Amino acid sequence: MGFEKFLFYVFAAITVLAAGMVVTRRNPVHAVLYLVLAFFSSAALWLLLEAEFLGLVLVLVYVGAVMVLFLFVLMMLDIDLATLRAGFIRYLPLGVVIAVVMAVQILLVVGPGNFGAEQFPTPAAAAADVSNIEEVGLLLYTDYVYPFELAAVILLVGIIAAIRLTLRRRPGTKYLDPTQQIQVRKGPDRVRLVSQVSTAGLREEQGARDVAQSQEDGSA
Amino acid sequence: MLENYLPILIFILVGILVGVGSLGLGYLLGPRRPDQEKDSPYECGFEAFENARLKFDVRYYLVAILFILFDLEIAFLFPWAVVLDDLGVFAFWSMVIFLGILVVGFIYEWKKGALEWE
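Looking at an unreviewed UniProt entry, one finds chain B named NADH-quinone oxidoreductase subunit A and attributed to Marichromatium bheemlicum. Regarding chain B, the relevant UniProt record gives this comment under Sequence similarities (unreviewed entry): "Belongs to the complex I subunit 3 family."

As annotated in an unreviewed UniProt entry, chain A carries the name NADH-quinone oxidoreductase subunit J and is attributed to Marichromatium bheemlicum. UniProt annotates chain A under Subcellular location (unreviewed entry) with the comment "Cell membrane".

Here you go:
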């Protein structure tokens, strides 16, 4: 237990430090990179809670995909740091008041006393051959099937909202449409045969004149 | 269960050690003679004239968010695939409904042309 506790404090300290860096960095890209670190150490904390599937999904989804999205958003916004910093002192009192109110609310609602954690003893550590992903699967698709389907609806709403908000047609752009490309027929669309008058006679005349010219140059 | 992850912890520690160690040794042992020309930003020989932070097209955002949504869908498939033999028909159809709802979104996306890169 001692080593596990030590690991917990190490990863918890990394998480808190990284989260602090996220909100204090001036450069938003650095803040996002610290957020990646915070996600990694949170995944380690979840592993310590023996939620290994959730921990790995956290790395896969948040670090792999959501952070890429955050970086894209940062690049799109073209953040002007000077305008962001302007008015910091002016809004500081109001910000402090809101922060204190929120902190008190969080302490009241999710404080350690509210869940009765002391009534639930720590469960015994799982054996080495217990598969966490199986335990999740056995519950998720039977007892929690309704929230599971709701998750699908939320994802559907996300797809439609993203498309409605960001998709726009650009009629002026030039691009190749592969479906039109492969519809080209072999004969008339690819090769155009041009009937042309033969120029062989003209070329012979030209050649004879060139020979006569060179003979004149040689004799001179 | 946690003892299975001890090799990964050791691997992470060794990785950090190698990364920090090589950078730290270079910092400690390498010669440093900075001058103004060395420290000034450069861009292939001419003066840097633009901010490095370019604005991206919003289409990249659309591709990224569609990727995330289907990435999450795949994350839901993993536990299902593991326990399908134990759960039987009910779990099978619950996943079919789940995928059906998302296929609606996929058809919408396809028909709208969100996957086209024009």
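Chemist: Is there a simple way to think about the UniProt feature "transmembrane region" (unreviewed entry) in chain B in this case?
Modeler: Residues and elements named next belong to chain B. Under the feature "transmembrane region" (unreviewed entry), the UniProt entry names residues 6-29, 60-81 and 87-108. With 100% helix and 0% strand, the stretch residues 6-29 has end C-alpha atoms that lie 33 Å from each other. The span residues 87-108 carries 95% helix and 0% strand; its end-to-end C-alpha distance comes to 32 Å.

Chemist: What am I meant to see in the interface of chain B and chain A here?
Modeler: By a widespread convention, an interface's size corresponds to the accessible area lost as its parts come together. In this assembly, 54 residues from chain B lie in contact with 55 residues from chain A. For the pairing of chain B and chain A, the buried interface totals around 5200 Å² over both sides, and the portion due to carbon and sulfur atoms is 74%. Put simply, chain B and chain A have zero salt bridges between them. Among the elements of the structure, helix H1 (6-29), helix H3 (58-87) and helix H4 (89-112) of chain B are those that each provide at least two residues to the side of chain B that touches chain A. Residues of the side of chain B that touches chain A, tallied by class, amount to 38 nonpolar, four polar and twelve charged.

Chemist: What am I meant to see in the nonpolar core here?
Modeler: Note that soluble globular proteins tend to have their nonpolar side chains buried in a common cluster. In terms of nonpolar packing, the biggest core is built from 42 residues, with A:Tyr141, A:Phe148, B:Leu62 and B:Phe98 touching the most fellow members. Elements represented by at least two residues in this core include exactly helix H2 (28-48), helix H3 (52-77) and helix H7 (145-166) of chain A together with H3 and H4 of chain B. Of the residues forming this core, the biggest block, twelve residues, is contributed by H3(A). Residues contacting A:Tyr141, with those up to four places away along its chain left out, are A:Phe148, B:Phe76, B:Pro79, B:Trp80, B:Val83, B:Leu87, B:Phe90, B:Ala91, B:Ser94 and B:Met95. Core analysis: the next-biggest nonpolar cluster, separate from the first, contains seven residues, A:Leu7, A:Phe11, A:Ala44 and B:Leu9 among them.

Chemist: When you look at the side chain of A:Asn132 in this model, what are you seeing that I'm missing?
Modeler: All names here are of chain A. By the element assignment, asparagine 132 lies in helix H6 (residues 132-140). Using a relative accessible area of 14% as the deciding quantity, one classes asparagine 132 as buried. A distance of 2.9 Å separates a polar side-chain atom of asparagine 132 from the backbone oxygen of glutamate 50. Setting aside residues no more than four positions away along its own chain, asparagine 132 makes contact with Glu50, Ala51, Glu52 and Phe53.

Chemist: Could you clarify how one ought to interpret H2(A) in this entry?
Modeler: Under the 1.5 Å per step criterion, the end-to-end length of H2(A) is 30 Å for 21 residues, consistent within 8% with the ideal 30 Å. Residue A:Glu50 follows H2(A) closely and has a positive phi angle near 65°.

Chemist: Is there a simple way to explain the packing of aromatic side chains in this structure?
Modeler: For the structure shown, the criterion picks out eleven aromatic pairs over all chains. Seen from their ring centres, A:Phe3 and A:Phe6 are 6.3 Å apart, and the 25° between their planes marks the pair as stacked. Linking A:Phe3 with A:Phe6, this pair stays in helix H1 (residues 2-24), spanning three residues, or about one helical turn. Ring geometry for A:Phe39 and A:Tyr62: centres 5.0 Å apart, planes at 50°, overall tilted. Of this pair, A:Phe39 sits in helix H2 while A:Tyr62 sits in helix H3, placing them 23 residues apart in sequence. On the basis of relative accessibility, which here comes to 37%, the residue A:Tyr62 falls in the partly exposed class. One aromatic cluster in this structure is built from A:Tyr141, A:Phe148, B:Phe76 and B:Phe98. One residue, B:Arg32, lies across the ring of B:Tyr27, its end atom 4.5 Å from the ring centre.

Chemist: What am I meant to see in the confidence of the model for chain B here?
Modeler: Note: predicted coordinates in regions of low pLDDT should not be interpreted at a detailed level. Residues and elements named next belong to chain B. For chain B, per-residue confidence averages 85 on the pLDDT scale, and residues scoring 70 or more make up 87% of the total. Mean pLDDT across the elements of chain B ranges from a minimum in helix H2 (residues 36-39), with 81, to a maximum in H1, with 93. Taken together, the chains of this predicted complex give a pTM of 0.71 and an interface ipTM of 0.77.

Chemist: Could you clarify how one ought to interpret the UniProt feature "transmembrane region" (unreviewed entry) in chain A in this entry?
Modeler: Residue and element names in this part refer to chain A. With numbering matched to this structure, UniProt assigns "transmembrane region" (unreviewed entry) to residues 6-24, 31-49, 55-77, 89-110 and 144-167. For the annotated span residues 6-24, helix accounts for 100% and strand for 0% of the residues, and the straight-line distance between the end C-alpha atoms is 27 Å. In residues 144-167, helix accounts for 92% and strand for 0%; the two terminal C-alpha atoms are 34 Å from one another.

Reading the values: the criteria
Position labels on residues start from 1 in each chain and follow its written sequence. Here every chain gets a letter starting at A, and every ligand a number starting at 1, in the order they are written. The model is predicted, so local features are restricted to residues of pLDDT at least 70 and side-chain atom pairs to those at 80 or more, both for listing and for counting; the totals for chains, interfaces and linings are taken over all residues. To obtain the side-chain values, all non-hydrogen atoms of the structure were included, while hydrogens and water were left out. UniProt positions are given in the numbering used here, feature names are shortened, and annotations may be inferred rather than shown by experiment. The numbering of helices and of strands both runs from the N terminus, where a helix is a DSSP run of H or I of at least 4 residues and a strand a run of E of at least 2. Should any heavy atoms of two residues lie within 4.5 Å, those residues are counted as being in contact. Once two parts are joined, some of their accessible surface, as seen by a 1.4 Å probe, is lost; buried area is that loss totalled over both. The salt bridge definition used is simple: a Lys or Arg side-chain nitrogen within 4 Å of an Asp or Glu carboxyl oxygen. Polar here means any residue other than Ala, Val, Leu, Ile, Met, Phe, Trp, Tyr, Cys and Pro, which are nonpolar, and Asp, Glu, Lys and Arg, which are charged; Gly is therefore polar. The definition of a nonpolar core used throughout is a set of buried Ala, Val, Leu, Ile, Met, Phe, Trp, Tyr and Cys residues joined through side-chain atoms within 4.5 Å. A 1.4 Å probe rolled over the protein chains alone gives each residue an accessible area, and that area as a share of the maximum for its type sets the label: buried under 20%, exposed over 50%, partly exposed in between. Polar contact criterion, stated in full: a pair of N or O atoms within 3.5 Å, where within protein one must be able to donate a hydrogen and the other to accept it, and residues adjacent in sequence count only if both atoms are side-chain atoms. By this rule, a helix spans an expected 1.5 Å times one less than how many residues it contains. Geometry of aromatic contacts follows a simple scheme: Phe, Tyr and Trp rings, the Trp one being its six-membered ring, pair when their centres are within 6.5 Å, and the pair is stacked under 30 degrees between planes, edge-to-face over 60, tilted otherwise. Only lysine NZ and arginine CZ atoms are considered, and such an atom sits over a ring when it is within 6 Å of the ring centre and within 35 degrees of the ring normal. Scored between 0 and 100, pLDDT is the confidence that the predictor attaches to each residue.

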